[in-house]
Amino acid sequence: MVTKRFEPKILAFLCNWCSYAGADLAGVSRLQYPFNIRVIRVMCSGSVSPHHILHAFQKGADGVLIGGCHIGDCHYLKGNYMTMKRVAFLKELLNFTGYEPERLRLEWISAAEGRKFARTVRDFTEQIRALGPAISFDAVPLALNFG
């Protein structure tokens, strides 16, 4: 009997100016990283709302990666500060609802850091693989469920 290895589904929201360009550099440099990631390019990491992240988990993502410009380098000045606060809040919310907060990761990756992007994807994929599949969002008991 052959046991199939769990392959996590990871959704990445990448800032157009830095992290997405870093991913592009990793690609043109032919750096190897797992195929588990699906990328959504956003203009700024600050434009990723908590709703987007929770919706990704609801639709079956095992992990969510947010990539943004380094602190102080945001093209929209304070987008990455907002992202940092949102991710901290969401990690607490995920923990409260029974999800491992480690399923949500925030990384600052510049356009010149293709190697860092590839390494981050490899590390995050292995981290999520070790956690196993995410529980169904429908199975999470919500404190606000009155029904």
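Preceding this section is the structure that the text describes.
Residues numbered from 1 in each chain as written. Predicted model: local features only at pLDDT ≥ 70, side-chain atom pairs only at ≥ 80, totals over all residues. Heavy atoms only, no water.

## Description of the pairing of strand S4 (residues 104-108)
Most of S4 sits inside the fold, with four of its five residues counted as buried. The sheet contact formed by strand S3 (residues 63-68) and S4 spans five bridges and is parallel. Considered in S4, the bridge of glycine 67 is made with glutamate 107. A crossover links S3 with its parallel partner S4, the connecting element being helix H3 (residues 79-97), and its sense is right-handed. (Buried < 20%, exposed > 50% of the residue type's maximum accessible area, 1.4 Å probe, protein only. Helix = DSSP H or I, 4+ residues; strand = E, 2+ residues; numbered from the N terminus. Pairing = 2+ DSSP bridges. Right-handed = clockwise from strand over helix to strand, strands pointing away.)

## Thoughts on the nonpolar core
Nonpolar side chains tend toward joint burial in soluble globular proteins. Counting 15 residues, the largest nonpolar core has Phe13, Val48, Ile53, Phe57, Val64, Ile66 and Leu104 as the members making the most contacts within it. Once residues lying within four places of it in the same chain are set aside, the contact partners of valine 48 are Phe13, Val42, Ile53, Ile66 and Arg86. Grouped together as the second largest cluster of nonpolar side chains are 12 residues, Ala26, Ile109, Phe117 and Val121 included. (Core = buried A, V, L, I, M, F, W, Y, C linked by side-chain atoms within 4.5 Å. Contact = heavy atoms within 4.5 Å.)

## Here we look at the sheet that holds S3
Taking strand neighbours across the sheet as the criterion, the four strands line up as S2-S1-S3-S4 in an open arrangement whose pairing is parallel. Two strands bound the open sheet, and with one partner strand each, they are strand S2 (37-42) and S4. When strand polarity is set aside, the average angle formed by the axes of neighbouring strands in this sheet is 20°. Strands in contact with helix H2 (residues 50-58) are strand S1 (10-15), S3 and S4; relative to S3, the strand with the most contacts, it is inclined by about 150°. (Axes fitted to C-alpha atoms, helices over the stretch in contact; angles between N-to-C directions.)

## Concerning the environment of serine 47
Within the secondary structure layout, serine 47 lies in the loop between S2 and H2. Relative accessible area serves as the criterion here: at 39%, serine 47 is assigned to the partly exposed category. In sequence terms serine 47 and lysine 9 are 38 residues apart; their C-alpha atoms lie 22 Å from each other. A distance of 2.6 Å separates a polar atom in the side chain of serine 47 from the backbone oxygen of cysteine 44. (Polar contact = N/O pair within 3.5 Å; in protein donor to acceptor, adjacent residues only side chain to side chain.)

## Some remarks on the packing of aromatic side chains
Evaluation of the coordinates by the stated rule reveals two aromatic pairs. Centre to centre, the rings of tyrosine 33 and phenylalanine 117 are 5.3 Å apart; their planes meet at 90°, and the pair counts as edge-to-face. Remark: phenylalanine 117 occurs in helix H4 (residues 114-131) and tyrosine 33 occurs in the loop between helix H1 (19-28) and S2; sequence separation between them is 84 residues. Relative accessible area serves as the criterion here: at 30%, tyrosine 33 is assigned to the partly exposed category. Exposure remark for phenylalanine 117: the relative accessible area of 1% places this residue in the buried category. Between phenylalanine 57 and tyrosine 99, the ring centres sit 5.3 Å apart and the planes meet at 65°, which makes this aromatic pair edge-to-face. Taken together, the residues phenylalanine 57 in helix H2 and tyrosine 99 in the loop between H3 and S4 connect sequence positions 42 residues apart. Accessibility expressed as a relative area gives 2% for phenylalanine 57, which makes it buried. Sitting over the face of the ring of tyrosine 20, arginine 41 holds its NZ or CZ atom 4.4 Å from the ring centroid. (Phe/Tyr/Trp six-rings, centres within 6.5 Å; stacked < 30°, edge-to-face > 60°. Lys NZ or Arg CZ within 6 Å of the ring centre and 35° of its normal.)

## Re a nonpolar patch on the surface
Taken together, Trp17, Met43 and Tyr76 make up a surface patch of nonpolar side chains, about 320 Å² in accessible area. Structurally, tryptophan 17 is set in the loop between S1 and H1. (Patch = residues over 30% accessible without salt bridge, like charges linked within 9 Å, V, L, I, M, F, W, Y side chains within 5 Å. Areas by Shrake-Rupley, 256 points an atom, 1.4 Å probe, with all protein chains shown as cover. Salt bridge = Lys/Arg side-chain N within 4 Å of Asp/Glu carboxyl O.)

## Here we look at the pattern of salt bridges
Counted by the stated rule, this structure contains six salt bridges. Of the charged contacts in the structure, one is a salt bridge between glutamate 7 and arginine 129, with a shortest N-O distance of 2.6 Å. Taken together, the positions of glutamate 7 in the segment before S1 and arginine 129 in helix H4 put the pair 122 residues apart, joining distant regions of the chain. For glutamate 7, a relative accessible area of 29% gives the class partly exposed. A salt bridge links arginine 103 to glutamate 100, with the nearest nitrogen and oxygen atoms 2.7 Å apart. Among the ionic contacts, a cluster of salt bridges with common partners joins Arg5, Glu7, Glu126 and Arg129.

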